[in-house]
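This is what each chain is made of:
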Amino acid sequence: MNKDMFQLFNEAVENDTGVYNDYHIIGSTIDASAASTCELIAEYIRFSSIYPKIELPPIYATIMMSGIFLDSKYYKSKSTGQKTFEASTILKDFGADNALADEFLKDDYEEHATINKIVENVNYPLYGVALATAPDGEYQDSDFSKAADMCLSFKGTHASFVIGRTNYGKTKVSARSDGTISVQLLMEKLLATGAKGGGHLTAAAAFYDKNTPNEVTEIVLAVLKSSIDDARSAATSLEVKGR
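So, here's what we can say about the structure. Only a predicted model underlies this, so the values are computations on that prediction, with no experimental measurement involved.

What counts and how
- Residues numbered from 1 in each chain as written.
- Predicted model: local features only at pLDDT ≥ 70, side-chain atom pairs only at ≥ 80, totals over all residues.
- Heavy atoms only, no water.
- Salt bridge = Lys/Arg side-chain N within 4 Å of Asp/Glu carboxyl O.
- Buried < 20%, exposed > 50% of the residue type's maximum accessible area, 1.4 Å probe, protein only.
- Helix = DSSP H or I, 4+ residues; strand = E, 2+ residues; numbered from the N terminus.
- Expected span 1.5 Å × (residues − 1).
- Contact = heavy atoms within 4.5 Å.
- Pairing = 2+ DSSP bridges.
- Axes fitted to C-alpha atoms, helices over the stretch in contact; angles between N-to-C directions.

### Side note on the pattern of salt bridges
Right, on to step 1. Enumeration according to the criterion identifies 6 salt bridges in this entry.
Right, on to step 2. Put simply, lysine 106 and glutamate 103 hold a salt bridge, and the shortest N to O gap is 3.2 Å.
Right, on to step 3. For glutamate 103, a relative accessible area of 44% translates into the label partly exposed.

Printed below as a string of structure tokens:
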């Protein structure tokens, strides 16, 4: 976490205001190299000079550990780095319970059945690219994210896109990548078609206010066909810079 980010946090605490912190390419403080926002917050809590010293209850540390598990895919994501493990150590020092953190992330039977129903519609319009449009109905945001993660776990899949209607009336695109395709770039391409959203190399999302899931599927297909090579090149460039 850089000096400017620490200053923003300190000012927010002193003035009893808020600061929007994220690892996506949005917000008032950004660190796109982080695996999880929880990673950034843990780092701030440990190294903040604010008095009195911030104390984190074990249950909060455990919830934040769940966030790191989720966003780093249990440390398997390409976005996982040294700071991810350092943040996990910080949370352990505050009493985070790994087993309970894992329990928080488990689906119940109904959630699992819903995700499987979405994934049953997967197809591969391009090499290594999975695309699934959810059956008619309204879904939780997390259903699309989990379905995209499941699709990405299939052998030979390098990026996955799941589309469907949310329970608050928007059509969502949830995108995941193994790091060889920049889903951030592809979601940014959707902004020109009326979408809102963002993300980073391996996880991104977009929302449409008016378009139906079938309409959005056609838009995503067009963007994939026109920009997949650019997305692969962007991912390669980021990997070279990170070495």
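Next comes the rest of the write-up.
### So, helix H7 (residues 141–152)
Right, on to step 1. Over its 12 residues, H7 runs 17 Å from end to end, which matches the ideal 16 Å to within 8%, given 1.5 Å per residue.
Right, on to step 2. All of the buried residues along H7 are Asp143, Phe144, Ser145, Ala147, Ala148, Cys151 and Leu152.
Right, on to step 3. Looking at the buried positions of H7, the neighbouring elements they touch are helix H6 (109–119), strand E3 (123–126), strand E4 (129–139), strand E5 (159–166) and strand E6 (171–177).

### Here we look at the sheet that holds strand E7 (residues 196–199)
Right, on to step 1. Spatially, E3-E4-E5-E6-E8-E7 is the arrangement adopted by the 6 strands of the open sheet, whose pairing is mixed. Looking at which strands have only one partner, the edges of the open sheet turn out to be E3 and E7. Strand-to-strand, the axes of this sheet are offset by a mean angle of 20°, without reference to chain direction.
Right, on to step 2. Sheet analysis places E4 next to E5, joined by 7 bridges and oriented parallel. Within the sheet, the bridge partner assigned to alanine 132 lies in E5 and is valine 162.
Right, on to step 3. Packing against the sheet, H6 makes contact with E4 and E5, and its axis sits at approximately 125° to E4.
Right, on to step 4. Most of the contacts of H7 go to E5, to which it runs at about 160°, and overall it touches E3, E4, E5, E6 and strand E8 (203–208).

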